[in-house]
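Next come the chains, spelled out residue by residue.
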Amino acid sequence: MKILFFGDIMGKPGRQGLLKVLPDLKLKYNADFVIANGENMSHGAGVTNASYNEIINGGVDFLTGGNHIWAKQEIANILEQKDAKIIRPANYPPGAPGSGWKIVEVGVYKILVINLLGRMFMKKHMDCPFRKMDEILADDALEDIKIKIIDFHAEATAEKVALGYYVDGRVSALIGTHTHIATSDARILPKKTFYVTDAGMTGVKESVLGVNKESAIEQFLTQRPVNIEISENDTVCINGIFMDIDYNTGLVKKFERIEKDVILEI
Ligand SMILES: [Fe+2]
Ligand SMILES: [Fe+2]
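Residues numbered from 1 in each chain as written. Chains lettered and ligands numbered in written order. Predicted model: local features only at pLDDT ≥ 70, side-chain atom pairs only at ≥ 80, totals over all residues. Heavy atoms only, no water.

Novice: How would you explain the coordination of the iron ion (ligand 1) if you had to name every residue and give the values?
Specialist: The coordination sphere of the iron ion (ligand 1), as far as protein atoms go, consists of Asp8 (OD), Glu39 (OE), Asn40 (OD1) and His180 (NE2), spread over 2.1 to 2.2 Å. Sequence positions of the donors to the iron ion (ligand 1) reduce to the motif D-x30-E-N-x139-H. Separating the iron ion (ligand 1) from the iron ion (ligand 2) is a distance of 3.4 Å, and Glu39 supplies a donor atom to each of them. Note on accessibility: Glu39 and Asn40 belong to one class, buried. (Donors = N, O, S within 2.8 Å, 3.2 Å for Na, K, Ca; no water. Buried < 20%, exposed > 50% of the residue type's maximum accessible area, 1.4 Å probe, protein only.)

Next comes the structure, spelled out in structure tokens:
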């Protein structure tokens, strides 16, 4: 099973950039399934109906979320759709709309996608992602699912590495998101789980995590809230991970970091 995973899609430039290169990347890697983190898809925070439809119709098969997932109200309805192709972090307290994990059919195979949110420096009082992981993996519904992919949306590298070791040997891959900065530690852990601390961002290259750089600098200089604008210029960086996963064992046989610049015509 050949899977492409893209880090946080940041606003309209992120959406446009990804959709522009996606057909070529799918061809290049012979991809069976495409996952992307969508928490910043709509003007930098949240998911609207329009951007959800644009990305799903444009060739992304499944979306994960993060701390910004609730920023646009309509996400609750999208998450509650029976065939929703999006999940939100599983460790929100009970009662949150939608689901934090889903079994997805890819041809004759089934894969599990889990989304979890970290707790360190996140300004949220989430349920424990480690214990939530155990709870999900113990579910009877997963008995014959070999391919299990986790998006761990977290700030602290220590928490990400620790969860990686915690699930090592129990899942196919744990891919970190949220920091918008790709890390160079993609590797197979001792018990054969693929791990990377952060997949990186899909958004404007000359920006501060996808945000207009002048606004971001002003905020640091003044220490006062400023009107943060989504950066718009003509080069978008696409960051992600390609994985080739064995159908029978669920193990990642081969992986590659995707790092590509795309020029938008605007
Ligand atoms: Fe993000
Ligand atoms: Fe985030």
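Novice: Please give an account of the coordination of the iron ion (ligand 2) that cites residues and values.
Specialist: Coordination of the iron ion (ligand 2) by the protein involves Glu39 (OE), Asn67 (OD1), His153 (NE2) and His178 (ND1), with metal-donor separations of 2.1 to 2.2 Å. In this structure, the iron ion (ligand 2) is surrounded by 4 donor atoms whose angles at the metal cover 89 to 148°, and the resulting shape is irregular. Each donor residue of the iron ion (ligand 2) belongs to the same chain, with the gaps between them written as E-x27-N-x85-H-x24-H. Under the relative-accessibility criterion, Glu39 is labelled buried at 1%. (Tetrahedral: all angles 85-135°; square planar, octahedral: opposite > 155°, others 65-115°.)

Novice: An account of a nonpolar patch on the surface is requested, with residue identities and associated values reported.
Specialist: Taken together, Val108, Tyr109 and Tyr247 make up a surface patch of nonpolar side chains, about 310 Å² in accessible area. With respect to the element layout, Tyr247 can be found in the loop between strand 11 (235-245) and strand 12 (252-263). (Patch = residues over 30% accessible without salt bridge, like charges linked within 9 Å, V, L, I, M, F, W, Y side chains within 5 Å. Areas by Shrake-Rupley, 256 points an atom, 1.4 Å probe, with all protein chains shown as cover. Salt bridge = Lys/Arg side-chain N within 4 Å of Asp/Glu carboxyl O. Helix = DSSP H or I, 4+ residues; strand = E, 2+ residues; numbered from the N terminus.)

Novice: For helix 1 (residues 11-29), give the residues involved together with the corresponding values.
Specialist: Here helix 1 contains 19 residues, and its C-alpha end-to-end distance of 25 Å stays within 8% of the 27 Å for a straight helix at 1.5 Å per residue. Approximately 45° is the largest bend angle found in helix 1, and it occurs at Leu22, with the proline Pro23 only one to four residues beyond. Along helix 1, the residues classified as buried are Gly11, Pro13, Gly14, Arg15, Gly17, Leu18, Leu19, Val21, Leu22, Leu25 and Tyr29. Its buried side turned inward, helix 1 meets strand 1 (2-6), strand 2 (33-37), helix 2 (49-57), strand 10 (202-204), strand 11 and strand 12. Note on helix 1: the residue one or two positions beyond its end, Asn30, has a positive phi of about 55°. (Expected span 1.5 Å × (residues − 1). Bend = angle between axes of the 7 residues up to and from the residue. Contact = heavy atoms within 4.5 Å.)

Novice: Tell me about unusual backbone geometry, residues and numbers included.
Specialist: Phi at Asn30 takes a positive value of approximately 55°, unusual for a residue other than glycine. Along the chain, Asn30 falls in the loop between helix 1 and strand 2. If you check the backbone angles, Lys123 has positive phi at about 55° while not being a glycine. Mapped onto the elements, Lys123 comes out in the loop between strand 5 (109-117) and helix 4 (129-137).

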